[in-house]
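Structure at a glance
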Amino acid sequence: MQLQLRGMTKSFGDLVANDDISVTIEAGQIHALLGENGAGKSTLMNILYGLLRPDSGEILVDGSPVAFGSPADAIKVGIGMVHQHFMLVPVFTVAQNVELGDERVGPLGFLRTSEAEEAVREVSQRFGLEVDPAAIVEDLPVGIQQRVEIIKALTRDASCLILDEPTAVLTPQETDELLAIIRGLRDSGKSIVLITHKLREVREAADVITVIRRGRVVATAIPPSTSETELAALMVGREVSLTVDRGTSSPEAQTLQVRGLTVYDAADRVVVDDVSFDVRAGEILCIAGVQGNGQTELVEAIMGLQDRVVGEIHVGGTVTSHPETRRMLALGVGYVPEDREEDGLVSTFSLAQNLVLDTISTSRWSRYGIVDYARIDAGARELLAQFDVRARDAYVTAGTLSGGNKQKVVLARELSRDLTVLIAAQPTRGLDVGSIEFVHRRLIEVRDSGVAVLIVSTELDEVCALADRILVMYQGRVAGIVGRDSPRDDLGMLMAGVVPA
Amino acid sequence: MSEERSENPTPILDSRTRDTLHPPAEPPPGTSAEIRRSVLGMNLLVSFLSVVLALVIGGVLIVISSPEVLSAAFYFFDRPADTFSAIWQTLSSAYSALFQGAIVNLSALSEGDLARAFYPMSESITIASPLIVAGLAVAIPFRAGLFNIGAQGQMTFAAIGGGYVGFALALPAGLHLAASVIMAMVFGAVWAGIAGFLKARTGAHEVITTIMLNYIALYLLSWVLNQDWFQREGRNDPISPILPDTSVFPNLFGLSLRVHAGFLVALVAVGVMWWILNRTTLGFRINTVGANASAARTAGMNVGRTWIVAMLLGGAMAGLAVTMNVNGTDKVVTAGVVGAIGFDAITVALLGRASPFGVLWAGLLFGALRAGGLTMQAQTGTPIDIVLVLQALIVLFIAAPALVRAVFRIRGGSSEAMSLAKGWNG
Ligand SMILES: Nc1ncnc2c1ncn2[C@@H]1O[C@H](COP(=O)(O)OP(=O)(O)OP(=O)(O)O)[C@@H](O)[C@H]1O
Ligand SMILES: [Mg+2]
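Scoring rules and cut-offs
- Residues numbered from 1 in each chain as written.
- Chains lettered and ligands numbered in written order.
- Predicted model: local features only at pLDDT ≥ 70, side-chain atom pairs only at ≥ 80, totals over all residues.
- Heavy atoms only, no water.
- Helix = DSSP H or I, 4+ residues; strand = E, 2+ residues; numbered from the N terminus.
- Buried < 20%, exposed > 50% of the residue type's maximum accessible area, 1.4 Å probe, protein only.
- Contact = heavy atoms within 4.5 Å.
- Areas by Shrake-Rupley, 256 points an atom, 1.4 Å probe, with all protein chains shown as cover.
- Domains from an automatic or database assignment.
- Buried area = accessible area lost by both parts, 1.4 Å probe.
- Salt bridge = Lys/Arg side-chain N within 4 Å of Asp/Glu carboxyl O.
- Polar contact = N/O pair within 3.5 Å; in protein donor to acceptor, adjacent residues only side chain to side chain.
- Phe/Tyr/Trp six-rings, centres within 6.5 Å; stacked < 30°, edge-to-face > 60°.
- Lys NZ or Arg CZ within 6 Å of the ring centre and 35° of its normal.
- Axes fitted to C-alpha atoms, helices over the stretch in contact; angles between N-to-C directions.
- Parallel < 35°, antiparallel > 145°, perpendicular 65-115°, else oblique.
- Nonpolar A, V, L, I, M, F, W, Y, C, P; charged D, E, K, R; others polar.
- Pairing = 2+ DSSP bridges.

The subject of this paragraph is the overall build of chain B. The helix and strand inventory of chain B stands at 20 helices and zero strands. Per-residue burial over chain B gives 53% buried out of 426 residues. For chain B, long-range pairs separated by at least 24 residues make up 73% of all intrachain contacts whose partners lie at least 6 apart in sequence. Element-wise, carbon and sulfur atoms account for 68% of the exposed surface of chain B, whose accessible area totals about 17,900 Å².

And the structure:
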């Protein structure tokens, strides 16, 4: 199926998110959409999937114009979309999730789940997407859940599949598997639209690349003839350095010390097991490891966001065994949570309000409990400019921002505080290369100003770029703490729970 | 004169004559977040159109229940014009009576009898005053993400404390009124605080605890009204002594109009609550906790404490609301002093989109509908139940904004679908 978008224009207020965009997606091609945060990629795809109505422009399927009032119309002509946040029911089986919205019922209205399971099996065999149709979705790793989403689209006979930042939360191995699957689908004649910020993936998988900047198509590129640096420059409109100039660290006193930290989850399982480490002022300690090995729970425990914690945490000279979020923040601990939508932002609040979410009670923004909104607004304008957040103004609600810009708002808030310790989980997830460069530089600056920086990242590239020391976690335990020059293979082995010889 | 009025509370069939024993059914669990989202996210236009739509449907009901229209419809095919003119007659007289009974009596106005001309407006405001403040009692916890179904019980409990101070103490004028009002607010806050505390400490759902507290307060009041220290001397029926002039809101425009200074207090309460919600760190916390509790927690806010404070504030408003009757309209505590205002307050808060000024308009609208409904019944025979139907319809439409949008073909629903479908990649 050939899909043509012609002259797509969509504005939100006076912000033009898509400005006369024309793109052709050919059958049997992987078409990558590349562009900085807020360039308008998701908006364009939401139009194609019937979630948004364009102001002008048309969609042509195999040459004939169509109009989508809702995703149901898009699904009917064979367009499927996999969102980053999966729309799956966690307690249902794979088959039940796949048939959801398209249930096959028997004579008395009973579900014919066995038929659905058969359909899942058939599709997963045909396209090499291994998955157990009877498995409960919440027990599956993220990569497999994503596979279920793809199967769901394929059982509805999608001939064009849209994947919006599908690799942001995948492990490198899962990413490779996904790319292989996508290639397989392409070879069977489907067209694929792939949105990602990872240039390596784009160059590996894409047949055609369309680069969008500020709502306009600025270039079309063919991967082998375009280098990563060139792509980055096309996206951002300037030269981007893909490596960080990190200088040398001059660590000082121990600022953050964690001793014997153990965390239990609601089901009484040990998720963090007797973890101890130090972060000194002026150094960056990165916690590496495959997603789900206790990193999230570890930082949440330090921030007082886990309920059942044993162990001790020292910040500066203060010791606590029951960290309280408010107290940690008051001690100068900045915190960038992993899940920005859920924990980092209030999507119905304005950007200005979000930028003071955890400092509203300080004398900077309020006196005697009375908020000084004039000051907050002025501060917000400054921060938004400094962090290059693409938004109409400081008063739009955070929910309307593009994914990467949301992350920038959280970072702007936390990095602009008076810090002694900074804890950042996945600080650059969803950011474009230009913004990653910027954030990495800021993190190094923060380090050099004498802050103890703790970063959790599943991106090995990022870990190696930033870390002064690397702590690898495996199954809730410290698998090893190594210097920044240790070979990647050793890191990989530690992450798999093997101690290198 | 004032005594007679207080014992036989009011000639108006307001919310208080409805059965107080049947609180509205508890909403099914799990929907509160949805309801919250739809109420806070709804735009002004939808609220307004909901009222319009309700008036239209109410009009249809008025027409088909009218005997004149029915009899004219008998020979519709002979003289269709008769039917249409009967419909017009019925509708215009009903709604004009509703208007004149709610706002201003036009014939009295043309005669220059100001007291009679503005009697309807005075009635509307008198009925609206407790509704507005009780609406705040529901709206403020709502902003923190809590459903306060217990304004009824909080008002009832507050009537005991505020009423007792009002009739039993001997204090100078002004001071006495203030003491009685403050006591009522403290009692209301305590009663709501119990639910807030249970929610924060044990996770007990506030809908259940506030409903149960409603019953406890109700029977507590009946019991108190039969105790020597509360019951009026020489009476066997459950009624308190009359409040002396020192603890009563003065009438604003003389004795012929019932509107009293409590309305001004209600206006101040609206302003103060707006200020708290929009200009203080406390309000910021309340809004944050309600909009996204886990972000609030991550930002170092104490979610449980914020819930308690929001309930205390709401309860204080419930307490203030009941003083509009105890220290204003009734000047006495009876079993029916709260009526069903605490439940109507939920509707008012929803219609007002849980914002203080929204609640003010919603309360005034409901007060006007009640006052106008009575005149409509008296003048045109249209049953006052129509007013209850109107209220119910308004709530129905507000609960289903998509319906209203569809009827008036307003675009904008798609943004909701967007937010549902958008995920990580924002
Ligand atoms: N519902 C909306 N209301 C107002 N503005 C919006 C809305 N949706 C998107 N925008 C704006 O449109 C622009 C494009 O957003 P879009 O989500 O398409 O970016 P993107 O290219 O997907 O970026 P990212 O890589 O960060 O995900 C952004 O500036 C965003 O703030
Ligand atoms: Mg996007």
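From this point, the narrative continues.
Here we take up the domain arrangement of chain A. Residues and elements named next belong to chain A. When cut into domains, chain A gives domain 1 (3-236), domain 2 (242-332 + 418-501) and domain 3 (347-416). Taking only C-alpha atoms into account, the centre of domain 1 sits 33 Å from that of domain 2. Listed per partner, the contact involves 15 residues of domain 1 and ten residues of domain 2. Between domain 1 and domain 2, the buried area comes to about 990 Å², and carbon and sulfur atoms account for 61% of it. Scanning the region where domain 1 abuts domain 2 turns up one salt bridge. Summed over the shared surface of domain 1 and domain 2, the number is four residue pairs in polar contact (both at pLDDT 80 or more).

Further remarks concern the packing of aromatic side chains. Residue and element names in this part refer to chain B. On inspection of all chains with the given rule, the structure shows eleven aromatic pairs over all chains. Here Trp229 and Phe230 contribute two aromatic rings whose centre-to-centre distance is 5.7 Å and whose plane-to-plane angle is 85°, an arrangement assigned as edge-to-face. Taken together, the aromatic side chains of Tyr164, Phe167, Trp229 and Phe230 make up a single cluster linked through ring pairs. If you follow Lys199 out to its NZ or CZ, it ends over the ring of Trp307, 5.0 Å from the centre.

This part covers unusual backbone geometry. Residues and elements named next belong to chain A. Of note, the phi angle at Asp157 is positive, near 60°, even though the residue is not glycine. Examined against the element boundaries, Asp157 turns out to sit in the loop between α5 (142-155) and β7 (160-164). We classify Asp157 as exposed; its relative accessible area is 59%.

Residues and elements named next belong to chain A. Counted under the stated rule, the structure contains 40 salt bridges over all chains. Two residues, Arg390 and Asp388, come together in a salt bridge whose shortest N-O distance is 3.2 Å. A single salt-bridge network, built from bridges that share partners, covers Asp358, Arg413, Glu414 and Arg417.

Opposite the 30 residues of chain B that make contact, chain A presents 44 residues. A combined buried area of about 3,100 Å² lies between chain B and chain A, and 59% of that area is made up of carbon and sulfur atoms. For the pair chain B and chain A, the interface holds zero salt bridges. For the interface between chain B and chain A, the tally reads seven residue pairs in polar contact (both at pLDDT 80 or more).

Another point: the packing of helix α12 (residues 262-279) of chain B against helix α17 (residues 356-380) of chain B. Residues and elements named next belong to chain B. Between α12 and α17, the least distance of the axes is 8 Å, while the angle of their chain directions is 150°. With respect to α17, the element α12 is oriented roughly antiparallel. Listed contacts from α17 to Phe263, Leu267, Val270, Met273, Trp274 and Leu277 of α12 are Pro356, Phe357, Leu360 and Leu364. In terms of residue class, the contact of α12 with α17 is built from ten nonpolar, no polar and no charged.

A few words on the pairing of strand β10 (residues 216-221) of chain A. All names here are of chain A. The sheet contact formed by strand β9 (residues 208-213) and β10 spans five bridges and is antiparallel. Considered in β10, the bridge of Thr210 is made with Thr220. Connecting the antiparallel pair β9 and β10 is a turn made up of two residues, with Arg214 showing a positive phi of about 45°.

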